[in-house]
Amino acid sequence: MKKRTSTSAPATSSATSAAATWAPLARFVAREDALATWAAQRPSTFYVYEFLRFGVKQAWACLFGGLMLALLIATWAWYPKDAWLARYDFLVLASVAIQIAMIAFKLETREEAIVILVFHVVGTVMEIFKTTVGSWVYPEASLIRVAGVPLFTGFMYAAVGSYIARAWRLFDFQFTRYPPVWATVALAGAIYVNFFTHHYVTDVRVLLFAGYAALYGRTWIYYRVHRHWRRMPVLVSTLLVAGFIWLAENVGTFTKAWSYPSQKEAWTVVPLTKLGAWYLLMIISAVLVSLVNKPRAFVGETQGR
């Protein structure tokens, strides 16, 4: 991660703040900007402030996914086993309620809602196939399911799309040497198809990794925590997010929301080999989000955040 400017950047315009996109945050933009101006007066407070701001932005981007994980943990720990409503069905209804609340309270933009819907459909189709071939199972009974797959699972995929879309806006993503759209879509399509076909023919994920490296190997993502551009290779950013999703998957299996065959007798850590699958899924996710949030070329230091 490389810093692109000094701490003496000019004041930002709150009108272009990503926070202003969400009504609950817009009222705090001016106050927060004054705090940032104060923190920028000395390096020690500047770096502490930016570190904290990065964490807050990440937490806000993870809002949907964080709430989903909280639901998995809470229902595993406290949901009554003899309740008239099955735990999985409660998770479906709670997920829908969260989605409605986020839209009603303007915690989510229309574009993000579209992304979540697309991810829900794409994820559910994959879940139906994967459970059919025995890749993993949902051990608990439920009524609200399609082809044996509880519908809350689609929201887990939607949480990934929600995070990327929200982070894209909050951190003002821009890129250098971004590949042609047709090439990214073709790669994402090939990855999605391979998730199905590798059960019957040769698994070509090594070629897919190579294709991703060839397409994005020189691509850098530029982002702003506040007033200063920072950057990292897209290949690295994808790996970091995939790693966090792998950790979240461990939470999901530990709370018995789903289980892999190796966890039939007792819970074990999800194999690191699954990190590769999540890396590939992150590529699909980023491409889908890029079709809504069009990638912008990095143009250097500008006003706004």
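Read on for a plain summary of the structure. (Residues numbered from 1 in each chain as written. Predicted model: local features only at pLDDT ≥ 70, side-chain atom pairs only at ≥ 80, totals over all residues. Heavy atoms only, no water.)

## Some remarks on helix α11 (residues 273–290)
Thought 1: For α11, built from 18 residues, the straight-helix expectation of 26 Å at 1.5 Å per residue is met to within 8% by its first-to-last C-alpha distance of 27 Å.
Thought 2: The buried fraction of α11 is high, at 13 of 18 residues. (Helix = DSSP H or I, 4+ residues; strand = E, 2+ residues; numbered from the N terminus. Expected span 1.5 Å × (residues − 1). Buried < 20%, exposed > 50% of the residue type's maximum accessible area, 1.4 Å probe, protein only.)

## A closer look at the side chain of serine 95
Thought 1: Its place among the elements puts serine 95 in helix α5 (residues 87–104).
Thought 2: Side-chain polar atoms of serine 95 contact the backbone oxygen of leucine 91, separated by 2.6 Å.
Thought 3: Leaving out residues up to four positions away in the same chain, serine 95 has contacts with Met68, Leu71, Phe152 and Phe155. (Polar contact = N/O pair within 3.5 Å; in protein donor to acceptor, adjacent residues only side chain to side chain. Contact = heavy atoms within 4.5 Å.)

## Details of the packing of helix α4 (residues 63–78) against helix α10 (residues 234–254)
Thought 1: As a packed pair, α4 and α10 sit with axes 9 Å apart at the nearest point and diverge in direction by 25°. Relative to α10, the element α4 lies roughly parallel. Crossing angle aside, the handedness with which α4 passes α10 is left-handed. Contact residues: α4 offers Leu69, Leu72, Ile73 and Trp76, while α10 offers Ala248, Val251, Gly252 and Phe254.
Thought 2: In terms of residue class, the contact of α4 with α10 is made up of seven nonpolar, one polar and no charged. (Axes fitted to C-alpha atoms, helices over the stretch in contact; angles between N-to-C directions. Parallel < 35°, antiparallel > 145°, perpendicular 65-115°, else oblique. Left-handed = near helix turned anticlockwise from the far one by under 90°. Nonpolar A, V, L, I, M, F, W, Y, C, P; charged D, E, K, R; others polar.)

## Quick notes on the pattern of salt bridges
Thought 1: Tallied over the full model, the rule gives five salt bridges.
Thought 2: Among the ionic pairs, arginine 224 bridges to aspartate 172, the shortest N-O distance being 2.2 Å. Of this pair, arginine 224 sits in strand β5 (residues 220–224) while aspartate 172 sits in the loop between α7 (152–170) and β4 (174–176), and the two are 52 residues apart along the sequence. For the pair arginine 224 and aspartate 172, a shared accessibility class is recorded, and that class is buried.
Thought 3: What you see here is one network of salt bridges that share partners, running through Asp172, Arg224 and Arg296. (Salt bridge = Lys/Arg side-chain N within 4 Å of Asp/Glu carboxyl O.)

## Quick look at the nonpolar core
Thought 1: With 66 residues, the main nonpolar core has Phe64, Phe152, Phe173, Ile191 and Phe195 as its most contacted residues.
Thought 2: The residues touching isoleucine 191, leaving out its near neighbours within four places in the chain, are Leu208, Leu280, Ile283 and Ile284. (Core = buried A, V, L, I, M, F, W, Y, C linked by side-chain atoms within 4.5 Å.)

## Describing the environment of leucine 143
Thought 1: Following the sequence through the fold, leucine 143 ends up in the loop between α6 (110–132) and β2 (145–146).
Thought 2: Classification of leucine 143 as exposed rests on a relative accessible area of 75%.
Thought 3: Each C-alpha atom, one on leucine 143 and one on alanine 86, is 7.7 Å from the other, the two residues being 57 residues apart in sequence.

## Some points on the packing of aromatic side chains
Thought 1: Throughout the structure, instances matching the rule amount to 23 aromatic pairs.
Thought 2: Each ring, one from tyrosine 79 and one from phenylalanine 90, has its centre 5.1 Å from the other, and the planes form 35°; the classification is tilted. A residue pair is termed long-range when its members are at least 10 positions apart, and tyrosine 79 in the loop between α4 and α5 and phenylalanine 90 in helix α5 qualify at 11 residues.
Thought 3: What makes phenylalanine 90 partly exposed here is its relative accessible area of 29%.
Thought 4: Note on phenylalanine 129 and phenylalanine 196: the rings are 4.9 Å apart at their centroids and 55° apart in plane angle, and the pair reads as tilted. Residue phenylalanine 129 is found in helix α6, and its partner phenylalanine 196 is found in helix α8 (residues 181–197); the two are separated by 67 residues along the sequence. (Phe/Tyr/Trp six-rings, centres within 6.5 Å; stacked < 30°, edge-to-face > 60°.)

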